[in-house]
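# Summary of structural features
Each chain, letter by letter, is given below.
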Amino acid sequence: MFAALALALPAAYAQQRNLLVWGDSLSAAHGIAAERGWVALLAQRVEREFPSYRVINGSVSGETTTGGLERLPAMLAEYQPELVILELGGNDGLRGIPVKAIRDNLDTMIGLIQDAGGRVLLAGMRIPPNYGPRYTGPFHQNYFSLAEEHRLPLLPFLLEGIPENPKLMQHDGIHPRAEAQPIILENIWQVLNPMLREADSRR
């Protein structure tokens with residue numbers, strides 16, 4: 001059974017508020033050391049700047065929106081996250097799953113998180129252009145329409161500024177190298193930081 005990795009010391013942070021990263025291999029540090037992945041870097045920054053939070057990485061390499069949806073209720077019940085970074089859909093797209101099915105799964109996950117009292121940061125993905133504009137366009141638009149419908153903070157593309165630089169990509173052309181992880185962190189942070197500040201101000 002998969003166990004989430006809590007990127008904090010449990011004894012010292014028992015009363016912390018949880019920030020859950022719910023993603024696939026892009027968030028699970030595929031092909032690089034876990035401590036160099038953007039989620040580990042995020043945990044370090046959050047510990048410095050928002051010490052009332054701990055980062056929990058529930059990401060699994062190869063995860064789809066279907067798998068993420070199946071696992072999510074148990075994770076919400078166990079960790080009761082105040083914030084969730086939802087980063088899923090890329091593997092569905094690479095498999096050519098119908099866009100509506102992807103959207104429905106993401107929509108259901110957003111609803112579950114909100115019903116559990118959590119706020120969602122939606123991290124969008126793009127599919128390689130060889131899949132054709134009739135698929136890639138609606139696929140990416142999913143994230144914008146979901147963010148608008150649910151009034152969510154949106155990062156349109158998690159890997160902004162990375163795929164066009166081959167030196168930042170692993171040989172498979174899909175997963176970023178360790179050198180790209182700080183860029184991913186900055187992409188996320190520009191949206192997450194205001195959310196954390198707003199949550200702190202409400203406490």
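A short tour of the structure in this document, coming up. Keep in mind the model is a prediction, meaning the values are calculated, not measured.

## Some thoughts on the pairing of strand β4 (residues 83–87)
For β4, the buried fraction is high: 5 of the 5 residues fall into the buried class. Residue alternation in β4 divides its side chains into two sets, L83, I85 and E87 and V84 and L86, and both sets are buried. Inspection of the sheet shows strand β2 (residues 17–23) paired to β4 by 5 bridges, in the parallel sense. Paired with W22 across the two strands is L86, which belongs to β4. Pairing of β4 with strand β5 (residues 119–123) involves 4 bridges; the strand directions are parallel. Its bridge partner lying in β5, V84 is registered against V120.

## Describing the packing of aromatic side chains
Evaluated as defined, the whole model comprises 4 aromatic pairs. Here the aromatic rings of F50 and W189 are separated by 6.1 Å at their centres, their planes lie at 55°, and the arrangement is tilted. Here F50, found in the loop between α1 (38–49) and β3 (53–57), pairs with W189, found in helix α6 (residues 181–202); they are 139 residues apart in sequence, far enough to count as distant. Classification of W189 as buried rests on a relative accessible area of 7%. Measuring from centroid to centroid gives 6.2 Å for Y135 and F139, while their planes differ by 20°, and the two rings are stacked. Within this pair, Y135 and its partner F139 are both found in helix α5 (residues 133–150), separated by 4 residues, close to a single helical turn. Like F139, Y135 is buried. Within the aromatic cluster, the residues linked to one another by ring pairs are Y131, Y135, F139 and Y143. Between the NZ or CZ atom of R45 and the centre of the ring of W189, over which it lies, the distance is 5.1 Å.

Thresholds applied
One numbering rule holds for all chains: residues counted from 1, following each sequence as written. It should be noted that, the model being predicted, local features are given only for residues of pLDDT at least 70 and side-chain atom pairs only at 80 or more, the latter also being counted only at that level, while totals for whole chains, interfaces and linings use all residues. To get the side-chain values, take all heavy atoms of the structure and skip hydrogens and water. Note on exposure labels: buried denotes an accessible area under 20% of the residue type's maximum, exposed denotes more than 50%, and partly exposed covers the range between, all computed with a 1.4 Å probe on protein chains only. Helix and strand assignments come from DSSP, with helices taken as H or I runs of at least 4 residues and strands as E runs of at least 2, each series counted from the N terminus. Here, any two strands with at least 2 DSSP bridges between them count as paired. What counts as a ring pair is set by centres within 6.5 Å for rings of Phe, Tyr and Trp (its six-membered ring), and what kind of pair is set by the plane angle: stacked under 30 degrees, edge-to-face over 60, tilted for all other angles. Ring-over charges, as used throughout, are those where CZ of Arg or NZ of Lys falls within 6 Å of the ring centre and within 35 degrees of the ring normal.

Note that all results are geometric; they support no functional claim without further evidence.
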